[in-house]
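Single-letter residue listing:
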Amino acid sequence: MATTLSVEDLLDAYRTMKTIREFEDRVHVEFAKGGIPGFVHLYAGEEASATGVGMHLKDSDKLASNHRGHGHCIAKGVEVNGMMAEIYGKKTGTCHGKGGSMHIADLDTGMMGANGIVGGGPPLACGAALAAKMKGTDGIAVVFCGDGASNQGTTFEAMNLATVWKLPVIFVFENNGYAEATASKFSVACKDIADRAVGFGMPGEIVDGHDFFAVHEAFGRAAERARAGDGPSLIEHKLDRFFGHFEGDNQNYRPKDEVKRLREEVCCLKRFSAEVTQKHGISPDQLTEIDNEVASMIDAAVVFAETSPDPDVADLTTDVYIKY
Amino acid sequence: MATTLSVEDLLDAYRTMKTIREFEDRVHVEFAKGGIPGFVHLYAGEEASATGVGMHLKDSDKLASNHRGHGHCIAKGVEVNGMMAEIYGKKTGTCHGKGGSMHIADLDTGMMGANGIVGGGPPLACGAALAAKMKGTDGIAVVFCGDGASNQGTTFEAMNLATVWKLPVIFVFENNGYAEATASKFSVACKDIADRAVGFGMPGEIVDGHDFFAVHEAFGRAAERARAGDGPSLIEHKLDRFFGHFEGDNQNYRPKDEVKRLREEVCCLKRFSAEVTQKHGISPDQLTEIDNEVASMIDAAVVFAETSPDPDVADLTTDVYIKY
Amino acid sequence: MARKITFQQAINEAIDQEMGRDESVIVMGEDVVGGSGADGEMDAWGGVLGVTKGLWGKYGDRIMDTPISEAGYVGAAVGAATAGLRPVCELMFIDFMGVCFDQIYNQAAKFRYMFGGKAETPIVIRTMFGAGFRAAAQHSQCLYPMFTAVPGLKVVIPSTPYDVKGLLIQAIRDNDPVIFCEHKVLYTVEGDVPEESYTIPFGEANIVKEGDDITIVAVGRMVQQSLEAAATLGKEGVSCEVVDLRTTSPLDEDTILESVENTGRLVVVDEATPRCSIATDISALVAQKAFGELKAPIEMVTAPHTPVPFSGTLEDTYVPSPEKIVNAVKKVSEYTK
Amino acid sequence: MARKITFQQAINEAIDQEMGRDESVIVMGEDVVGGSGADGEMDAWGGVLGVTKGLWGKYGDRIMDTPISEAGYVGAAVGAATAGLRPVCELMFIDFMGVCFDQIYNQAAKFRYMFGGKAETPIVIRTMFGAGFRAAAQHSQCLYPMFTAVPGLKVVIPSTPYDVKGLLIQAIRDNDPVIFCEHKVLYTVEGDVPEESYTIPFGEANIVKEGDDITIVAVGRMVQQSLEAAATLGKEGVSCEVVDLRTTSPLDEDTILESVENTGRLVVVDEATPRCSIATDISALVAQKAFGELKAPIEMVTAPHTPVPFSGTLEDTYVPSPEKIVNAVKKVSEYTK
Ligand SMILES: Cc1ncc(C[n+]2csc(CCOP(=O)(O)OP(=O)(O)O)c2C)c(N)n1
Ligand SMILES: Cc1ncc(C[n+]2csc(CCOP(=O)(O)OP(=O)(O)O)c2C)c(N)n1
Ligand SMILES: [Mg+2]
Ligand SMILES: [Mg+2]
């Protein structure tokens with residue numbers, strides 16, 4: 001596929017995707033060891049989605065995420081040390097240990113927050129887009145929703161509102177086929193989530209979410225449209241998750257070997273590597289070098305998290321307005 | 001237009017439409033005189049919609065209504081004496097004076113309730129349809145929503161759920177161009193509300209809501225589909241309201257004379273009368289006779305309401321489970 | 001300069017002055033302009049009771065009509081607040097909070113804490129509450145106790161035109177989410193209101209009448225009812241101190257406790273239903289922190305534990321009346337162990 | 001015959017027995033079957049923690065997965081209830097009530113009253129609540145006070161495997177809407193539970209431990225914490241009576257008042273945040289109706305007025321502990337005017 005991306009861009013894209021994969025694979029391992037508490041939803045398998053989108057975003061652009069938010073954070077530029085420490089519940093975490101995996105936010109980089117409420121993000125993204133529009137900037141906002149979240153009332157309302165107010169916001173539906181143990185084939189009443197765009201007066205597009213280039217290109221068009229003041233878009237990424245819904249899920253609702261097959265057949269990293277080494281003059285060594293860098297970075301993040309202090313008990317009642 | 005309706009059916013239809021019109025015109029007058037308290041939303045102008053639908057419904061079928069519910073009630077067979085008394089807040093009212101205009105319900109005739117919450121009805125109708133389906137009957141449920149309600153999250157969720165569960169429910173959108181003072185051209189992000197059907201995997205149709213025959217026919221198809229177990233449908237009735245949003249509305253958001261023109265041009269009663277006298281062998285006298293009957297009935301209803309007693313103060317704490 | 005204006009004019013003036021002062025203040029809600037997309041007048045309604053009327057002419061696009069999608073636009077206001085705007089969002093009736101409560105208590109209220117102190121969410125949600133309009137069960141409720149229960153929200157319940165202006169300006173300038181509860185029956189009440197801008201701090205109750213024999217704590221419309229009761233009681237030689245909470249969160253515990261320390265007796269008047277209400281909240285506070293000073297049981301005057309009925313006969317009985325307050329005060333005053 | 005089973009098994013058994021007994025009982029919720037539309041196993045999850053697992057095999061279409069549309073399916077359950085079914089609806093975590101609260105408090109709760117006594121809405125909403133899972137601010141709340149505040153709802157908070165079975169069967173047979181609150185930390189607790197079907201009536205508190213010196217009122221997981229505190233205190237010669245409310249609405253006022261009349265002292269333990277809570281509710285009740293018997297201030301042991309933090313260090317401090325209860329009891333016991 002033709003691309004306007006430079007080699008440097010492509011290496012950046014690879015680094016981001018690899019960082020996400022390595023981060024998630026490592027959290028999976030550490031969770032199994034018992035080091036990580038709470039509900040943790042991993043993004044492995046979906047890296048091309050966050051990355052292809054994230055490359056179009058400036059720090060001043062905003063991203064609203066969901067419970068499966070690690071990849072979105074990394075693609076939006078949140079530091080992995082703080083993220084890992086947050087997932088461990090440490091004082092050095094992005095939210096000082098008060099948020100955890102489901103609530104990582106970093107407003108400085110435009111990361112408006114993961115969200116524990118399915119469908120929480122779409123209205124928030126509309127608001128961020130409204131702020132950009134009111135201030136007369138060309139800023140945009142993007143929200144990532146799952147196929148499950150596509151059935152939440154807030155999501156529909158936000159799409160309608162986005163068109164009514166002509167907001168620079170892009171709704172990216174990451175359709176990984178499942179909401180927890182329920183298939184999107186069951187829960188989404190139309191053929192494709194993109195079919196809903198017409199009901200909200202916006203363009204809708206279906207993209208192979210494992211294909212970084214396709215994601216990057218489609219989002220580029222939508223972003224341009226939004227920045228030009230032409231309103232919102234809907235993009236559906238068809239993709240797959242490589243772990244369970246959350247850590248601890250036995251995935252018995254999936255056919256046996258589905259994950260194994262997917263990891264073989266649709267891994268976005270493999271596909272990207274093949275493409276850039278074959279067509280864009282990047283050598284396997286360049287990628288391996290990144291692999292190594294990323295591995296050390298994630299190792300360091302785990303060490304940072306593990307050796308960081310817990311929050312002080314006194315932190316329990318800070319950051320809220322009234323004490324009783 | 002060809003119709004399978006008998007002369008008797010047509011006279012019934014006329015009686016229902018006329019009853020609604022007369023009821024509403026009279027409430028308008030009595031409200032202005034100060035006899036009626038609260039928020040009152042009149043249905044005048046939209047009679048063909050409720051009537052064309054209602055003629056397909058048995059007592060065992062269910063209807064979920066909204067704040068503009070008088071017409072739906074009458075078309076579903078609720079007695080006008082009880083309705084009028086309810087609107088006056090009297091003990092003899094359908095809800096013993098506890099509900100008022102916005103909460104008339106009569107479960108015996110399948111009237112599940114007007115509703116003070118915009119978008120309250122669609123999920124309720126799905127539930128009634130589910131009950132019919134679970135019990136193995138051919139019962140159906142219908143919900144009336146405004147154009148305003150078409151943007152409420154509950155409405156979208158209900159449409160999705162209806163298809164997922166293949167429920168015998170029909171969503172009738174009464175698009176009268178306004179939600180309070182806001183035009184549907186502004187608030188509905190797509191061209192027609194019917195455009196949303198595809199996003200919920202159901203057929204969608206646009207009907208002239210002033211044309212009783214068109215309403216009757218389109219709903220007949222949808223009802224048949226639902227009774228046959230083939231799932232939900234969406235129908236959009238384009239129509240107009242002849243009074244303000246509620247009594248007391250000065251309607252300055254409407255062009256001057258809009259209402260006057262509409263009463264001339266699109267009155268469903270005039271249109272129906274012309275049609276049936278010209279094409280279905282009904283004489284003007286037959287209609288006049290009904291007019292007179294209806295006028296006396298509504299007179300009697302007002303007298304009944306005005307002379308009925310208020311609820312007893314002791315009724316304040318009945319019909320609820322716990323007393324403190 | 002003070003003039004007599006209505007409660008609802010005072011709200012309009014507060015918003016107007018803040019919009020004039022600070023560009024980042026925006027207004028949104030259903031029909032807050034009125035007429036959007038229609039062929040008649042714009043700014044046709046200015047809110048369902050005309051409260052925001054005229055602002056569109058001055059501030060144009062900064063006051064925005066919305067579809068009937070409360071979760072959508074309240075959520076958008078919350079998102080906009082984290083991104084630098086100061087939205088004043090109208091939720092027409094507090095009864096409707098059920099369709100957008102998540103955006104309020106799980107999103108707006110929690111960001112600051114959940115994000116480790118790194119987020120600010122300066123949003124105001126204005127909403128009408130209370131019975132008296134024959135508006136029945138879904139348009140007459142007093143749901144402010146539910147907001148008061150939520151850590152991270154501030155809850156304001158003004159009782160006079162003067163207060164509503166000062167408290168609303170404070171709310172708009174506040175960096176935390178504020179639920180601003182306006183009793184619809186008060187809209188037409190007139191009172192002295194200075195023309196210039198001023199703020200009333202949160203968490204400072206107002207002793208609207210001093211007295212020695214008994215403390216009456218009230219909010220919103222119940223302040224007026226309590227003052228009427230106090231006037232009646234005064235003639236009978238019972239001296240009531242009436243405390244208007246003004247904000248239920250933050251709560252001015254000190255003023256309540258000091259008053260009860262002085263009087264030794266307490267009646268709490270709350271239009272909300274009785275369970276888990278402001279009435280129980282204030283009672284519990286005093287039973288815990290001023291028990292030693294208490295000379296009598298604490299009486300609560302509230303609505304009954306029922307939905308709000310439509311019929312006038314029933315609704316008038318539903319709302320706590322000055323008579324009921326008088327009776328409660330007498331009961332408490334006459335109590336001896 | 002009684003055996004030891006877990007709290008969560010007792011829930012499953014209650015639903016199973018009622019579905020077996022009454023055809024009109026249906027179950028719906030997200031992943032209550034699990035696997036719908038997918039190519040793996042059906043009944044894959046049986047609810048996010050496996051509570052309804054196995055029911056699909058027995059009852060087929062009467063147990064239904066839903067899209068993530070809580071307002072849609074809870075509203076549908078309400079509609080179905082008015083049309084002759086008895087839906088047992090699962091709202092995975094009580095924290096999510098914000099997306100479907102209108103269906104609960106404006107629709108289900110109000111129909112009977114608003115329609116003049118002519119409607120019945122026999123729906124049960126099962127929902128998990130409470131901290132202790134490191135699930136953070138949006139999956140750990142105790143929002144039952146908000147439901148308790150609503151006229152027309154019944155609110156059940158079981159504390160043992162025995163109670164959860166009997167109360168859930170009662171809830172399913174009840175003709176009013178019931179919010180059934182299950183503390184997630186209790187799911188794995190074992191206890192004696194008869195195999196046969198039985199009901200526990202609503203509005204009857206359970207004196208789980210008798211005592212003379214002080215009354216401790218608690219609900220849910222806090223009953224166990226209170227019993228632990230009572231055991232410690234017993235060793236130090238303080239005899240605590242522990243009252244488990246079982247249902248917060250209807251509330252068994254008599255048992256509470258009688259106990260306090262006997263002990264003269266009260267501590268209320270509530271995992272909810274402090275404002276407008278069950279803690280304040282019970283305190284106010286006693287301060288009004290048993291004031292003459294009270295020998296000391298009423299203490300409340302609650303969570304702090306903050307969202308639930310993620311970090312274990314913070315969350316463990318957040319939840320009322322037996323130690324905090326012991327301290328509160330001591331404070332009250334040692335009080336003399
Ligand atoms: C309002 C709400 N309902 C339910 C849940 C529980 N829940 C968390 S994630 C999830 C599935 C989400 O599926 P999808 O949107 O497809 O995202 P994915 O997990 O596949 O990335 C559910 C049901 C929730 N957190 N919030
Ligand atoms: C949840 C909710 N939001 C807002 C309102 C206030 N309200 C009552 S009717 C109405 C307009 C409804 O418009 P539409 O659905 O088009 O019905 P119409 O009045 O035109 O028949 C509004 C905004 C409400 N009752 N409930
Ligand atoms: Mg998914
Ligand atoms: Mg309309």
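Residues numbered from 1 in each chain as written. Chains lettered and ligands numbered in written order. Predicted model: local features only at pLDDT ≥ 70, side-chain atom pairs only at ≥ 80, totals over all residues. Heavy atoms only, no water.

1. Things to note about the coordination of the magnesium ion (ligand 4)
Residue and element names in this part refer to chain B. At the metal site, the magnesium ion (ligand 4) is ligated by Asp 147 (OD), Asn 176 (OD1) and Tyr 178 (O), and these contacts range over 2.0 to 2.1 Å. Within one chain, the residues serving as donors to the magnesium ion (ligand 4) are arranged as D-x28-N-x1-Y. In this pair, Asp 147 sits in the loop between β2 (141-146) and α6 (153-164) while Asn 176 sits in the loop between β3 (169-175) and β4 (178-179), placing the two residues 29 residues apart along the sequence. Of the residues examined, Asp 147 reaches a relative accessible area of 0% and is grouped as buried. (Donors = N, O, S within 2.8 Å, 3.2 Å for Na, K, Ca; no water. Helix = DSSP H or I, 4+ residues; strand = E, 2+ residues; numbered from the N terminus. Buried < 20%, exposed > 50% of the residue type's maximum accessible area, 1.4 Å probe, protein only.)

2. Some details on the interface of chain D and chain C
Many descriptions give the size of an interface as the accessible area lost when the pieces come together. Each partner contributes to the interface: chain D provides 57 residues, whereas chain C provides 57 residues. Between chain D and chain C lies a buried interface of about 4600 Å² when both sides are counted; carbon and sulfur atoms form 61% of it. On inspection of chain D and its partner chain C, the count reaches 2 salt bridges. For Asp 281 of chain C, the salt bridge is made with Arg 275 of chain D, and the minimal N-O distance between the two is 2.6 Å. Run the count over chain D and chain C and you get 27 residue pairs in polar contact (both at pLDDT 80 or more). (Contact = heavy atoms within 4.5 Å. Buried area = accessible area lost by both parts, 1.4 Å probe. Salt bridge = Lys/Arg side-chain N within 4 Å of Asp/Glu carboxyl O. Polar contact = N/O pair within 3.5 Å; in protein donor to acceptor, adjacent residues only side chain to side chain.)

3. Focus: the site of ligand 1
The immediate surroundings of ligand 1 are formed by 21 residues, with His 67, Arg 68, Gly 116 and Tyr 178 of chain A together with Glu 70 of chain D found nearest. Those residues lying near ligand 1 are distributed over chains A and D. Contact distances for ligand 1 include 2.5 Å between a nitrogen atom and a side-chain N or O atom of Glu 70 of chain D. For ligand 1, the accessible surface in isolation is 580 Å², of which the surrounding protein chains cover 97%. (Near = heavy atom within 4 Å. Areas by Shrake-Rupley, 256 points an atom, 1.4 Å probe, with all protein chains shown as cover.)

4. Considering the site of ligand 2
Taken together, 21 residues lie near ligand 2, and His 67, Arg 68, Gly 116 and Tyr 178 of chain B together with Glu 70 of chain C sit nearest. Surrounding ligand 2 is a set of residues that belongs to chains B and C. Separating a nitrogen atom of ligand 2 from a backbone N or O atom of Gly 116 of chain B is a distance of 2.7 Å. Residue Asp 147 of chain B places a side-chain N or O atom 2.9 Å away from an oxygen atom belonging to ligand 2. Contact with the protein chains removes 97% of the 580 Å² of surface that ligand 2 exposes when unbound. Each residue belonging to the shell around ligand 2 can be placed in one class, and the counts come to 8 nonpolar, 8 polar and 5 charged. (Nonpolar A, V, L, I, M, F, W, Y, C, P; charged D, E, K, R; others polar.)

5. What to know about a negative patch on the surface
On the surface, Asp 254, Glu 258, Glu 261 and Glu 293 of chain C cluster together to form a negatively charged patch. Among the structural elements, Glu 293 of chain C can be located in the loop between α9 (278-289) and β14 (299-301). (Patch = residues over 30% accessible without salt bridge, like charges linked within 9 Å, V, L, I, M, F, W, Y side chains within 5 Å. Lys, Arg positive; Asp, Glu negative; His and termini not counted. Charge placed at Lys NZ, Arg CZ, Asp CG, Glu CD.)

6. A short note on the relation of the copies chain D and chain C
When chain D is fitted to chain C, the best match, at an RMSD of 0.0 Å, comes from turning it 180 degrees and sliding it 0.0 Å along the axis. Considering both components of the superposition, the chain copies are consistent with a two-fold axis. (Least-squares fit on C-alpha atoms with pLDDT ≥ 70 in both.)

7. Brief notes about the coordination of the magnesium ion (ligand 3)
For the magnesium ion (ligand 3), the full set of protein donor atoms is Asp 147 of chain A (OD), Asn 176 of chain A (OD1) and Tyr 178 of chain A (O), at a range of 2.0 to 2.1 Å. Mapping the donors of the magnesium ion (ligand 3) onto the primary sequence gives the spacing D-x28-N-x1-Y.

8. Concerning unusual backbone geometry
Note that the residue after Ser 249 of chain C, namely Pro 250 of chain C, is joined by a cis bond; omega there is 0 degrees. One non-glycine residue, Arg 134 of chain C, lies in positive phi territory at about 55 degrees. Tracing the chain through its elements places Arg 134 of chain C in the loop between β5 (124-129) and α5 (144-148). A positive phi is found at Asp 31 of chain D, a non-glycine position, where the angle reads about 60 degrees. Relative to the elements of secondary structure, Asp 31 of chain D occurs in the loop between β2 (25-29) and α2 (55-59). The exposure class assigned to Asp 31 of chain D is buried, which follows from its relative accessible area of 3%.

9. Here's the deal with the sheet that holds strand β9 (residues 206-209) of chain D
The strands that make up a sheet are held in pairs by hydrogen bonds between backbone atoms, and each pair lies either parallel or antiparallel. Residue and element names in this part refer to chain D. On the basis of which strands lie adjacent, the open sheet formed by 5 strands has the order β9-β11-β10-β13-β14 and mixed pairing. In the strand order of this sheet, the two ends are held by β9 and β14 (299-301), each with one partner. Along the sheet, successive strands turn relative to each other by an average axial angle of 25 degrees, direction set aside. Pairing of strand β10 (residues 214-218) with strand β11 (residues 240-244) involves 5 bridges; the strand directions are parallel. Paired with Thr 215 across the strands is Glu 241, a residue of β11. Docked against the sheet, helix α11 (residues 322-333) engages β10, β11, β13 (266-269) and β14, running at close to 180 degrees with respect to β14. (Pairing = 2+ DSSP bridges. Axes fitted to C-alpha atoms, helices over the stretch in contact; angles between N-to-C directions.)

10. What to know about the interface of chain D and chain A
The partner chain A presents 47 residues to the 45 residues of chain D that form the contact. Here chain D meets chain A over a buried area of about 3600 Å², counting both sides, of which 65% is carbon and sulfur. If you sort the residues of chain D by the area they bury against chain A, Trp 45, Ile 68 and Phe 310 of chain D come out on top, with a joint share of 20%. Connecting chain D to chain A are 1 salt bridge. Those elements that place two or more of their residues in the side of chain D that touches chain A are β4 (86-93) and α10 (312-318) of chain D. In the side of chain D that touches chain A, the residues fall into 22 nonpolar, 14 polar and 9 charged.

11. Quick word on the nonpolar core
Formed by 310 residues in total, the largest nonpolar core has its most connected members in Trp 165 of chain A together with Trp 165 of chain B. Discounting chain neighbours no more than four positions away, the residues touching Trp 165 of chain A are Leu 130 and Lys 133 of chain A, Phe 186 of chain B together with Met 28, Met 64, Asp 65, Thr 66, Tyr 73 and Ala 76 of chain C. By size, the runner-up hydrophobic cluster in this structure holds 65 residues, among which are Ala 75, Val 207, Phe 212 and Ile 235 of chain A. (Core = buried A, V, L, I, M, F, W, Y, C linked by side-chain atoms within 4.5 Å.)

12. Describing the packing of helix α2 (residues 47-54) of chain B against helix α8 (residues 212-227) of chain B
Helix-helix packing is described using two parameters, namely the angle between the two axes and the distance between the axes. Residue and element names in this part refer to chain B. Where α2 contacts α8, the axes come no closer than 8 Å and their chain directions differ by 40 degrees. Here α2 runs over α8; the crossing is right-handed. On α8, the residues touching Ala 48, Ser 49, Thr 51, Gly 52 and Val 53 of α2 are Phe 212, Val 215, His 216 and Phe 219. (Left-handed = near helix turned anticlockwise from the far one by under 90°.)

13. Thoughts on the pattern of salt bridges
Oppositely charged side chains can pair when the atoms bearing their charge come close. If you walk through the whole model with that rule in mind, you get 84 salt bridges over all chains. With its nearest N and O atoms 2.6 Å apart, the salt bridge here joins Glu 47 of chain B to Arg 21 of chain B. Pair noted here: Glu 47 of chain B is in helix α2 and Arg 21 of chain B is in helix α1 (residues 7-33), with a separation of 26 residues, a long-range link. For Glu 47 of chain B, a relative accessible area of 0% corresponds to the buried category. Using a relative accessible area of 8% as the deciding quantity, one classes Arg 21 of chain B as buried. Where Lys 98 of chain B meets Asp 319 of chain B, a salt bridge forms, and the shortest distance between an N and an O atom there is 2.8 Å. With a gap of 221 residues between them, Lys 98 of chain B in the loop between α4 (80-87) and α5 (121-134) and Asp 319 of chain B in the segment after α11 (284-307) connect regions that are remote in the sequence. Judged by relative accessible area, which is 2%, Lys 98 of chain B ranks as buried. Sharing partners across several salt bridges, the network here consists of Arg 26, Glu 30, Lys 33 and Asp 299 of chain A.

14. Considering the environment of His 56 of chain A
Residue and element names in this part refer to chain A. Within the fold, His 56 resides in the loop between α2 (47-54) and β1 (62-64). Along the primary structure His 56 and His 216 are separated by 160 residues, whereas in three dimensions their C-alpha atoms are 7.8 Å apart. Those residues in contact with His 56 that sit more than four places away from it in its chain are Asp 61, His 216, Phe 219, Gly 220 and Arg 227. A distance of 3.4 Å separates the side chain of His 56 from the backbone nitrogen of Gly 220, its partner in a polar contact.

15. Structural notes on the confidence of the model for chain A
Counting all residues, the mean pLDDT for chain A is 97, and 98% of those residues have values of 70 or more. Ranking the elements of chain A by mean pLDDT puts helix α9 (residues 258-265) of chain A last with 96 and strand β3 (residues 169-175) of chain A first with 99. (pLDDT = per-residue confidence, 0-100.)

16. A few points about the packing of aromatic side chains
The way to describe two aromatic rings as a pair is by their centre distance and the angle between their planes. A full pass over the atoms with the stated rule returns 41 aromatic pairs over all chains. Ring geometry for Tyr 14 of chain A and Phe 272 of chain A: centres 6.1 Å apart, planes at 20 degrees, overall stacked. Linking Tyr 14 of chain A in helix α1 (residues 7-33) with Phe 272 of chain A in helix α10 (residues 268-279), this pair joins segments that are 258 residues apart in sequence. Of the two residues, Tyr 14 of chain A and Phe 272 of chain A, neither departs from the other in class, the shared state being buried. Aromatic side chains Phe 39 of chain B and Phe 246 of chain B sit 5.8 Å apart centroid to centroid with 10 degrees between the ring planes, which places their arrangement in the stacked category. Highlighted residues: Phe 39 of chain B in the loop between α1 and α2 and Phe 246 of chain B in the loop between β7 (233-238) and α9 (258-265), separated in sequence by 207 residues. Here Phe 246 of chain B falls in the buried class, since its relative accessible area comes to 13%. Three or more aromatic residues joined by ring pairs make a cluster, and in this case those are Phe 39, Tyr 178, Phe 246 and Tyr 253 of chain A together with Trp 45, Phe 93 and Phe 96 of chain D. The ring of Phe 243 of chain A carries the charged tip of Arg 263 of chain A above its face, separated from the ring centre by 4.9 Å. (Phe/Tyr/Trp six-rings, centres within 6.5 Å; stacked < 30°, edge-to-face > 60°. Lys NZ or Arg CZ within 6 Å of the ring centre and 35° of its normal.)

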